[in-house]
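Here's the letter readout for the chains.
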Amino acid sequence: MLDSALTSIFGTAESLVAGVSTIDFLLCCAASIVLGAAVAAIYMFRHTYSKNFVVTLALLPLIVQMVITLVNGNLGAGIAVMGVFNLVRFRSIPGSAKDIGNVFLAMAIGLATGMGFIALAVLFTVIVGIVNVVYVLSPFGKQKAPEKTLKITIPEDLEYDGVFDDVLARYTDEHELVEVQTTNMGSLFLLEYAVRMKAPGIEKRMIDEVRCLNGNLKVVLGSAAASKDVL
């Protein structure tokens, strides 16, 4: 009786789902729903999101599965149809790289469940979920701290070569003396370093230690771009 729901009114056309049983169809639907929720959870992990997009991701495998079922496993036709849907979405609303990646993940799962490869879809979702968590929690792809310019004023009688190296090594990942110039009619020297801080919030401690070495003269720490604009 229920199998009649999967019988086309046009007869046994090869492009429709005449050969799919109700139980198999419902099993694929259940897998698509569960895996769609998993895709949404993967997307939400340490990422800003909107509920509308999360719900769309959760439903997308089910929608793609239906398309693939209707075209009787014809991947070319199915991908063409779903590609049009995604072009419409991303032409109207700007999407980030993670948005696009998760949409393709949801589509891949829908393709697999639509073809009946439920175990493959589950395995694929688990692998992607684990890899996503590893990448998010690891420093992989993390941007370096922005380069800053440290300007230290010292008295003319101070031998500056290497005097600040120990302090800078403790607070920066990279530091390089890029310029030395005289100031205040030659009575002072101005040292300019290019530095990358090891962590945010440690600038004051570094400056305090530098001031102990330069006789409490002027110390300036700012962005490299701002310093270049001033020059």
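Residues numbered from 1 in each chain as written. Predicted model: local features only at pLDDT ≥ 70, side-chain atom pairs only at ≥ 80, totals over all residues. Heavy atoms only, no water.

Per an unreviewed UniProt entry, the protein chain carries the name DUF4956 domain-containing protein and comes from Gordonibacter urolithinfaciens.

Some details on the pattern of salt bridges
This structure, assessed with the given rule, holds 5 salt bridges. Arg 170 is the salt-bridge partner of Glu 209, the closest N and O atoms lying 2.3 Å from each other. Here the residue Glu 209 occupies a position in helix H7 (residues 203-213), and Arg 170 occupies one in helix H6 (residues 165-171), the gap between them amounting to 39 residues. Residue class for Arg 170 comes out partly exposed when judged on its relative accessible area of 46%. Taking the shortest distance from any N to any O, the salt bridge between Arg 211 and Asp 208 comes out at 3.2 Å. Placement of both Arg 211 and Asp 208 in helix H7 is noted, with a separation of 3 residues, approximately one turn of the helix. Relative accessible area serves as the criterion here: at 35%, Arg 211 is assigned to the partly exposed category. By relative accessible area, Asp 208 is classed as partly exposed at 25%. (Salt bridge = Lys/Arg side-chain N within 4 Å of Asp/Glu carboxyl O. Helix = DSSP H or I, 4+ residues; strand = E, 2+ residues; numbered from the N terminus. Buried < 20%, exposed > 50% of the residue type's maximum accessible area, 1.4 Å probe, protein only.)

Quick notes on the pairing of strand S2 (residues 172-183)
Bridging between S2 and strand S3 (residues 188-197) involves 10 bridges; their strand directions are antiparallel. From the neighbouring strand, Glu 176 faces S3, where its bridge partner is Ala 194. Here S2 folds back onto S3 in antiparallel fashion, the turn holding 4 residues, of which Asn 184 has a positive phi close to 55°. (Pairing = 2+ DSSP bridges.)

Some points on the sheet that holds strand S4 (residues 219-223)
Here we have 4 strands laid out as an open sheet, ordered S2-S3-S1-S4, and antiparallel in their pairing. A single partner strand is all that each edge strand has here, and the edge strands are S2 and S4. For this sheet the average axis-to-axis angle between neighbouring strands, irrespective of direction, equals 20°. Relative to S3, strand S1 (residues 148-155) runs antiparallel, the two sharing 8 bridges. Paired with Lys 151 across the bridge in S3 is Glu 192. (Axes fitted to C-alpha atoms, helices over the stretch in contact; angles between N-to-C directions.)

Structural notes on the confidence of the model for the protein chain
Interpretation of the predicted coordinates at a detailed level should be avoided for regions scoring low in pLDDT. Residues of the protein chain with pLDDT of at least 70 account for 77%, and the chain-wide mean is 80. Segment residues 5-13: pLDDT under 50, and 9 contacts once partners within four positions in sequence are set aside and those in other chains are kept. (pLDDT = per-residue confidence, 0-100. Contact = heavy atoms within 4.5 Å.)

A short note on H7
An α-helical turn contains 3.6 residues, so a residue and the one three or four places further along point in the same direction. Listed in full, the buried residues belonging to H7 are Glu 203, Met 206 and Val 210. The buried residues of H7 occupy one face: seen down the axis, they fall within an arc of 70°. The exposed set on the far side of H7, more than 90 degrees from its buried face, consists of Lys 204 and Cys 212. Within two residues after H7, Gly 215 carries a phi angle of roughly 75°, on the positive side. (Arc of directions from axis to C-beta.)

Brief notes about the nonpolar core
One finds Val 39, Leu 57, Leu 60, Val 64, Val 103 and Ile 109 to be the most contacted residues of the largest nonpolar core, which totals 19 residues. At the level of elements, helix H1 (22-44), helix H2 (51-70) and helix H4 (97-114) are the ones that each hand at least two residues to this core. Those residues in contact with Val 39 that sit more than four places away from it in its chain are Leu 57, Asn 102, Leu 105, Ala 106 and Ile 109. If you look at the next biggest cluster of nonpolar residues, it comprises 15 residues, including Leu 191, Val 195, Met 197 and Ile 202. (Core = buried A, V, L, I, M, F, W, Y, C linked by side-chain atoms within 4.5 Å.)

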